[in-house]
Amino acid sequence: MTETTMEDVESFRLRARAWLADNMPLLADAAPLTPGEDDDHEWERARELQKLLYDGGFAGICFPREYGGLGLTLAHQKAFTQESLDYEMPLLLNKPTFAICAPTILDAGSEEQKREYIGGAIRGERVICQFLSEPSGGSDLAGLITRADRDGDNWVLNGAKTWSTSAYAADYGLCLARTDWDVPKHKGLTMFLVPTKAPGITMNRVRMVNGSMEFCEEFFDDVVLPASAVVGEVGDGWTVASRQLFHERNAMGGGSPYISGRSISRGMGHISPLEAALATGRMDDPRARELVGRGLAFGRVQQQTAVRVTRAIASGALPPIASSLLRLLHAEYAQTDRDLTLRIAGASAGFGTGAAQGATGRVGVDYLMRQSGSLGGGSTEMARNVISERLLGMPREAALDRDVPFSQVKRGR
Ligand SMILES: Cc1cc2nc3c(=O)[nH]c(=O)nc-3n(C[C@H](O)[C@H](O)[C@H](O)COP(=O)(O)OP(=O)(O)OC[C@H]3O[C@@H](n4cnc5c(N)ncnc54)[C@H](O)[C@@H]3O)c2cc1C
């Protein structure tokens, strides 16, 4: 096929169906996924599966060809996802590597970075995480205090990051740091690609309330980075971070064109209200039926809104910042869904953390995690602020640090 002719979606779907049947392992034969302290094999498996997709010509469907992708459309990606549902897929690599970090590098990276990191991710050789939030707070991202100082041609990084999803399994992190303290907070930032195993980095894993160890915290002590680690321009890190946040909100809201496969990993999925009603024999109970119906209706509205807003952003009818609508609705839906499941499961809701707990055995522990949907990818309060100020044009929140050199902004110790 030439560069100018694009394969039609149905032909791509049929080719994918045949290839998947011949090459990808069936999901039914796979062991349940159990991320924990010793889940290195899960990550090795994800990289292997990604390589398999790459060798078969089905990796990076929406990434440009020059960086190792297929240069196809969202419709091709959706067709591939539909065909792949019965197969084991490298879902661990979806977020943040493919949905957030690789598209950010595509938007803001140098040619060399695009070839190295996007191509590497598509081949299963590069896993990238996000070093954004800091112990002093994540909502005011532009107020971060991790610093990078010039030393000849190099940069020296000092500070701390936290809540970095899957950083322990990543090769690089997209790290936003302050490089100029004498300009207002948004103007003194630079984005870096930091090797996670570089000398001077101490990384700890953090246990979450559901037992998962996917979060990490990192401490940077005189980590030396070459000039080529800068993504975008020095001092223009906020532009890069804005693209990163756009892709993150899109991914959270189900609008990312860069990921394939089911949205949830095997054995780790949330039990839906319908599954809870089936598992507890409450399908004839009118109250349970009403709750199931409410969840299904909300789910349909969420999916359709994601499609509508994604199309509107792509056509220019809505600005990219409208991805906050997706991010907000996703959190509302995820929380409602968990609440409904818990109400239907009732006393059978268990607090197991493994996959072998029975259908409703994880519902209790899953409920404890309901709040994460309104924090990950930026909090829902911040999404509401963005929607009101930047989409609806309402007055901006008062800020004492706007237009003030960051070195003069009052901060706690
Ligand atoms: C599942 C998950 C995955 C994550 N993955 C990553 C990751 O990979 N990398 C990374 O860097 N971070 C990650 N995070 C961190 C996430 O980005 C932060 O939790 C988030 O930005 C909020 O920051 P914070 O937790 O420091 O809360 P804070 O900023 O301290 O805020 C605390 C509370 O105050 C509210 N608040 C703060 N400012 C305002 C305001 N101006 N108006 C109204 N309300 C306000 C917030 O909404 C929140 O409820 C992840 C978080 C979760 C839950």
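As the structure is a computational prediction, the values presented were derived from the model and not from experiment.

Q: Describe in detail the site of the ligand, supporting the description with residues and values.
A: Surveying the vicinity of the ligand reveals 20 residues, the closest of which are S133, G138, W163, S379 and E381. Within the contact set of the ligand, a nitrogen atom lies 3.1 Å away from a backbone nitrogen or oxygen of Q130. Protein contact buries 69% of the 970 Å² of open area that the ligand shows by itself. Going through the elements one at a time, β3 (154-165) and α11 (380-391) are the ones with two or more residues in the shell around the ligand. When residues of the shell around the ligand are assigned to their parent elements, the largest contribution, 4 residues, is made by β3. The class makeup of the residues in the shell around the ligand is 5 nonpolar, 13 polar and 2 charged. A domain-level breakdown of the shell around the ligand finds at least three residues from each of domain 2 (130-241) and domain 3 (269-391).

Q: Can you lay out a nonpolar patch on the surface for me, pointing to particular residues and giving the numbers?
A: On the surface, V209, F351 and L368 cluster together into a nonpolar patch covering about 310 Å² of accessible area. Of note, F351 is situated in the loop between α9 (323-345) and α10 (363-368).

Q: Residues and numbers for empty space enclosed by the protein, please.
A: Applying the stated criterion across every chain yields a total of 2 cavities of 30 Å³ or more. In this structure, the largest cavity spans a volume of roughly 150 Å³. In terms of lining residues, the largest cavity is bounded by 18 residues, among which Q50, G60, N94, F98 and S260 are the most central. Contributions of two or more residues to the lining of the largest cavity are made by α2 (40-56) and α4 (94-108). When grouped by side-chain class, the residues that make up the lining of the largest cavity number 13 nonpolar, 5 polar and no charged.

Q: How would you summarise the pattern of salt bridges if you had to cite specific residues and measurements?
A: On inspection of all chains with the given rule, the structure shows 23 salt bridges. Put simply, E134 and K161 hold a salt bridge, and the shortest N to O gap is 2.8 Å. Of the two residues, E134 sits in the loop between β1 (128-131) and β2 (147-151) while K161 sits in strand β3, which places them 27 residues apart along the sequence. Across the pair, exposure class does not vary: E134 and K161 are buried alike. Ionic contacts of the salt-bridge type, sharing partners, join the residues E10, R13, R17 and E83 into one network.

What counts as what
Residues numbered from 1 in each chain as written. Predicted model: local features only at pLDDT ≥ 70, side-chain atom pairs only at ≥ 80, totals over all residues. Heavy atoms only, no water. Near = heavy atom within 4 Å. Polar contact = N/O pair within 3.5 Å; in protein donor to acceptor, adjacent residues only side chain to side chain. Areas by Shrake-Rupley, 256 points an atom, 1.4 Å probe, with all protein chains shown as cover. Helix = DSSP H or I, 4+ residues; strand = E, 2+ residues; numbered from the N terminus. Nonpolar A, V, L, I, M, F, W, Y, C, P; charged D, E, K, R; others polar. Domains from an automatic or database assignment. Patch = residues over 30% accessible without salt bridge, like charges linked within 9 Å, V, L, I, M, F, W, Y side chains within 5 Å. Salt bridge = Lys/Arg side-chain N within 4 Å of Asp/Glu carboxyl O. 1 Å grid on protein atoms, 1.4 Å probe; cavity = no way out; pocket = protein on both sides within 12 Å on 5 of 7 lines; lining within 4 Å. Points joined across faces, edges and corners; volume = space filled by probe spheres on them. Buried < 20%, exposed > 50% of the residue type's maximum accessible area, 1.4 Å probe, protein only.

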